[in-house]
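Listed here are the chains, written in short residue letters.
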Amino acid sequence: MGPGRLSRSLLLRCRRAAAALGAARCRRGGPLSARQLSAAVGLRAPQRPPGRGEPPRAGGGARWTGAAGAGGGEEEEEEDEAELEELLGPSPLAVGPGAQRVAVVQPAVKWGPRKSPLTTAELQIAEAIALVDTLQNWTVLDKIIIPTKNPDKKFIFGKGNFQVLTEKVKKLPHVTAVFLNVERISSLTKKELEDAWGVKVFDRYAVVLHIFRCNARTKEAKLQIALAEIPLLRSNLKNEVSQLDQQRGGSRYVMGSGETFMETQNRILKEKELKIRNALEKLRRKRSLLRTQRRKREFPIISVMGYTNCGKTTLIKALTGEAGLQPRDQLFATLDITAHAGYLPSHMAVIYVDTIGFLTDLPHNLVESFSATLEEVAYSDLIVHVRDVTHPETILQKATVLSVLKNLNLPSHLLDSMVEVHNKVDLIERYKPTEENALAISALHGHGLEELKEEIEKKILAATGKKILTVNVNLEGPQLSWLYKEATVQEVEVLPEDGAARVKVIISNSALGRYKNLFPSSKIFMP
């Protein structure tokens, strides 16, 4: 490698280190540890259950991340790194690292089709405050609920209420921003509101996107955030061109290129979007290769899904015993797919996949941008839907999750076999689920986990077509070792007088076929 190549490589490393430190400042609770910065997501080998021999190793103990996968040559990797660094450069939409003192404003729809029967303005503003509290150095100065008949109108509120709101905002001491808790406001409305109130104005899209930016660790998550910014950049461009046209009396061509400023900027955005989508496609292909490798090992995949902060990561930690998992009590703590190996009661090895949480009124473009991450769910054998039943909006949260899952075009058998889990029941005295087949648990205290594991095992056996059967093996032959490697051995009953053993196993159809071909004289007993 020449001097030029070496310096470029060092520059890329420095940029990545700076980006990691910048992301660390976004989060509440101070800088990240070296371990957190060095490893974004992981697939760890499960702890071996005692007294059961050597079970299959989950993925060889390898980590599984969106950016992992089959590597090319060193030069090709450096070229990819250079292009990614360009795409993941500083965002013009990024909120500065300084402190924000925020007034949270909630439009209260009193009647009409936009009024949700499953929530109230008080609950909506509570979630908006929770979003702000997720961000380091952001504090809520005041919460304001203002009635509106039509939240889709230009200024959200009627003339009188808008005047009342303006007076309240201007009276707040040291306020630096207003978080208007609506899905999206146009760039033109945003500018006019900022002119009226004299502070920055953020909508739900901007705040959630900023949280995503602060929590993103892998290249894939950062690329998906960059993709989600494209619609905002286009909207801002229209507003900027409109202002320039007013100042200059019409569009101007750029440097004799034959393109107007608008056409040039649109072309640049389109090229950037195409590059991001191509980079995501490369990562998707690498993930597909990893998925194929996991399928060859025949590990069942269980996707754990739910509304943000419902306790998904806590549940996976309880099911797997993985000490390295550190659940955080904040919204969108998980942005990247992470996979964790564990065991079911039969000692069958499975992989639990932790996914991004959902949120009510999450803008469509934001969901669309994370489709590459969510598509992993379609390749699961089972979905576990975790609900926080202590939350006052638990019914709305369930409806939100189910709506997103249906829009992912998942196979019908995945939706039909889904396991619904009611979490945090330790906070409700004598809780009993009203939904049929729902399981009540406390992931934090371990209540109900054995029943949940048994239900998961039953559903996995049905979904994967694995069989439970008994095999007679010769102890002097390789059959027992083969079964430990290729199947899940549940029990071994030694028959010393015959020099044999009766082995109870869980085995897939393909593994059973291979076993019969290798050991045609072995006796197999179905239950």
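Residues numbered from 1 in each chain as written. Predicted model: local features only at pLDDT ≥ 70, side-chain atom pairs only at ≥ 80, totals over all residues. Heavy atoms only, no water.

1. Re the overall build of the protein chain
Cut-off, in case you're wondering: To qualify as a helix, a DSSP run of H or I must reach at least 4 residues; to qualify as a strand, a run of E must reach at least 2; elements of each kind are numbered from the N terminus. Residue exposure (1.4 Å probe, protein chains only): buried if accessible area is under 20% of the type maximum, exposed if over 50%, otherwise partly exposed. By the convention used here, residues are in contact when the closest approach between their heavy atoms is within 4.5 Å. In this description, accessible areas are obtained by the Shrake-Rupley approach with a 1.4 Å probe, and a residue is regarded as covered only by the protein chains that are shown.
Helix and strand counts for the protein chain come out as 17 helices and 14 strands. Within the protein chain, buried positions represent 46% of all 527 residues. If you take every contact in the protein chain between residues at least 6 apart in sequence, the share linking residues at least 24 apart comes to 70%. For the protein chain, the accessible area works out to roughly 26300 Å², and carbon and sulfur atoms hold 52% of it.

2. Let's talk about a nonpolar patch on the surface
Let me state the cut-off plainly: To count toward a patch, a residue needs a relative accessible area over 30% and no salt bridge; like charges are then connected within 9 Å, while nonpolar side chains (Val, Leu, Ile, Met, Phe, Trp, Tyr) are connected within 5 Å. For salt bridges, the criterion is a side-chain nitrogen of Lys or Arg within 4 Å of an Asp or Glu carboxyl oxygen.
Where nonpolar side chains cluster on the molecular surface, the patch consists of Leu475, Val492 and Val494 and spans about 230 Å² of accessible area. Structurally, Leu475 can be placed in the loop between strand S11 (467-474) and helix H16 (479-486). For Leu475, a relative accessible area of 39% translates into the label partly exposed.

3. Focus on the nonpolar core
To keep it simple, the criterion reads: What makes a nonpolar core is a set of buried Ala, Val, Leu, Ile, Met, Phe, Trp, Tyr and Cys residues whose side-chain atoms join them at distances within 4.5 Å.
By size, the foremost hydrophobic cluster in this structure holds 41 residues, and its most contacted members are Val104, Phe179 and Leu366. At the level of elements, strand S1 (100-109), helix H4 (121-133), strand S3 (177-180), helix H7 (204-215), helix H8 (219-248) and helix H13 (394-407) are the ones that each hand at least two residues to this core. In this structure, Val304, Tyr352, Val384 and Val419 belong to the second largest nonpolar core, which totals 25 residues.

4. What about the pairing of S11?
The cut-off we apply is this: A strand pair is defined by DSSP finding two or more bridges across the two strands.
Where S11 and strand S13 (residues 500-507) come together, 8 bridges link them in antiparallel fashion. For Asn472, the partnering residue across the bridge sits in S13 and is Arg502. In this sheet, strand S14 (residues 523-525) lies alongside S11 in antiparallel orientation, the contact comprising 3 bridges. Counted as the bridge partner of Asn472 is Lys523 from S14.

5. So, the sheet that holds strand S12 (residues 488-495)
To keep it simple, the criterion reads: Axis definition: a line fitted to C-alpha atoms, over the contacting stretch in the case of helices. Angles run 0 to 180 degrees between N-to-C directions.
Judged by pairing direction, the sheet is antiparallel, and its 4 strands sit side by side in the order S12-S13-S11-S14 without closing on themselves. At either margin of the open sheet sits one strand with a lone partner, and together these are S12 and S14. Across the sheet, the mean angle from the axis of one strand to that of its neighbour is 20°, orientation sign disregarded.

6. Concerning the packing of aromatic side chains
The condition is simple: Stacked, tilted and edge-to-face are the three classes applied to pairs of Phe, Tyr and Trp rings, where Trp contributes its six-membered ring and a pair requires centres within 6.5 Å; stacked means planes under 30 degrees apart, edge-to-face means over 60, and tilted covers the rest.
Applying the stated criterion across every chain yields a total of 5 aromatic pairs. An aromatic cluster of three or more residues is present, and its members are Trp482, Tyr515 and Phe519.

7. Looking at unusual backbone geometry
Phi at His174 takes a positive value of approximately 65°, unusual for a residue other than glycine. For His174, the position within the fold is in the loop between helix H5 (159-171) and S3. The phi torsion at Asn437 lies on the positive side, around 70°, for a residue other than glycine. Topologically, Asn437 is positioned in the loop between strand S9 (419-423) and strand S10 (439-440).

8. A closer look at the environment of Gln326
You can see Gln326 is positioned in the loop between helix H10 (312-320) and strand S6 (338-343). Gln326 gets classed as exposed once you look at its relative accessible area, which sits at 52%. Linking Gln326 and Thr313, residues 13 residues apart in sequence, is a C-alpha distance of 7.8 Å.

9. Side note on the packing of H5 against helix H6 (residues 187-197)
So the rule is basically this: Each angle gets one of four labels, with under 35 degrees taken as roughly parallel, over 145 as roughly antiparallel, 65 to 115 as roughly perpendicular, and the rest as oblique.
The N-to-C vectors of H5 and H6 enclose an angle of 55°; their axes lie 9 Å apart at closest approach. As the angle between them shows, H5 and H6 are arranged oblique. Of the residues in H6, those in contact with Phe162, Leu165, Thr166, Val169 and Lys170 of H5 are Leu193, Ala196 and Trp197.

10. Focus on the sheet that holds strand S4 (residues 200-202)
Hydrogen bonds between backbone groups are what pair the strands of a sheet, and the pairing can be parallel or antiparallel. Within the open sheet, the 4 strands sit side by side as S2-S1-S3-S4. Their pairing is parallel. A strand with exactly one partner marks an edge of an open sheet, and here the two such strands are strand S2 (138-148) and S4. Neighbouring strand axes in the sheet, compared pairwise and without regard to direction, differ in orientation by 25° on average. As judged from the 4 bridges shared by S1 and S3, these two strands associate in the parallel manner. Bridging from a neighbouring strand, Val102 pairs with Ala177 of S3. The strands that H6 touches are S3 and S4; relative to S4, the one it contacts most, it runs at about 135°.

11. Quick notes on the confidence of the model for the protein chain
The criterion, for reference: What pLDDT reports is the predictor's confidence in each residue, on a scale of 0 through 100.
Looking at the protein chain as a whole, its pLDDT mean stands at 79, while 75% of the residues score no less than 70. The low-confidence segment residues 1-7 (pLDDT under 50) makes 5 contacts with residues lying over four places distant or belonging to another chain. Low pLDDT (under 50) marks residues 17-25, which in the prediction has 8 contacts with non-local residues, meaning those over four places away or in another chain.

12. Things to note about H13
What counts here: Expected helix span is taken as 1.5 Å per residue step, with the number of steps being one fewer than the number of residues.
Counted at 1.5 Å a residue, the expected span for H13 with its 14 residues is 20 Å, and the 20 Å between its end C-alpha atoms agrees. Structurally, H13 contributes buried residues whose contacts are with strand S5 (301-306), strand S8 (382-388), helix H14 (412-416) and S9. Of the residues one or two after H13, Asn409 is the one with positive phi, at around 55°.

13. Describing the packing of H10 against helix H15 (residues 449-464)
We count it as follows: In this count, Pro and Cys sit with the nonpolar residues alongside Ala, Val, Leu, Ile, Met, Phe, Trp and Tyr, while Asp, Glu, Lys and Arg are called charged and the others, Gly among them, polar.
Their axes nearest at 11 Å, the elements H10 and H15 cross at an angle of 85°. With respect to H15, the axis of H10 lies roughly perpendicular. Here H10 contributes Leu315, Ala318 and Leu319 to the contact with H15, which in turn contributes Leu449, Leu452 and Lys453. Tallied by class, the residues present in the contact of H10 with H15 amount to 5 nonpolar, no polar and 1 charged.

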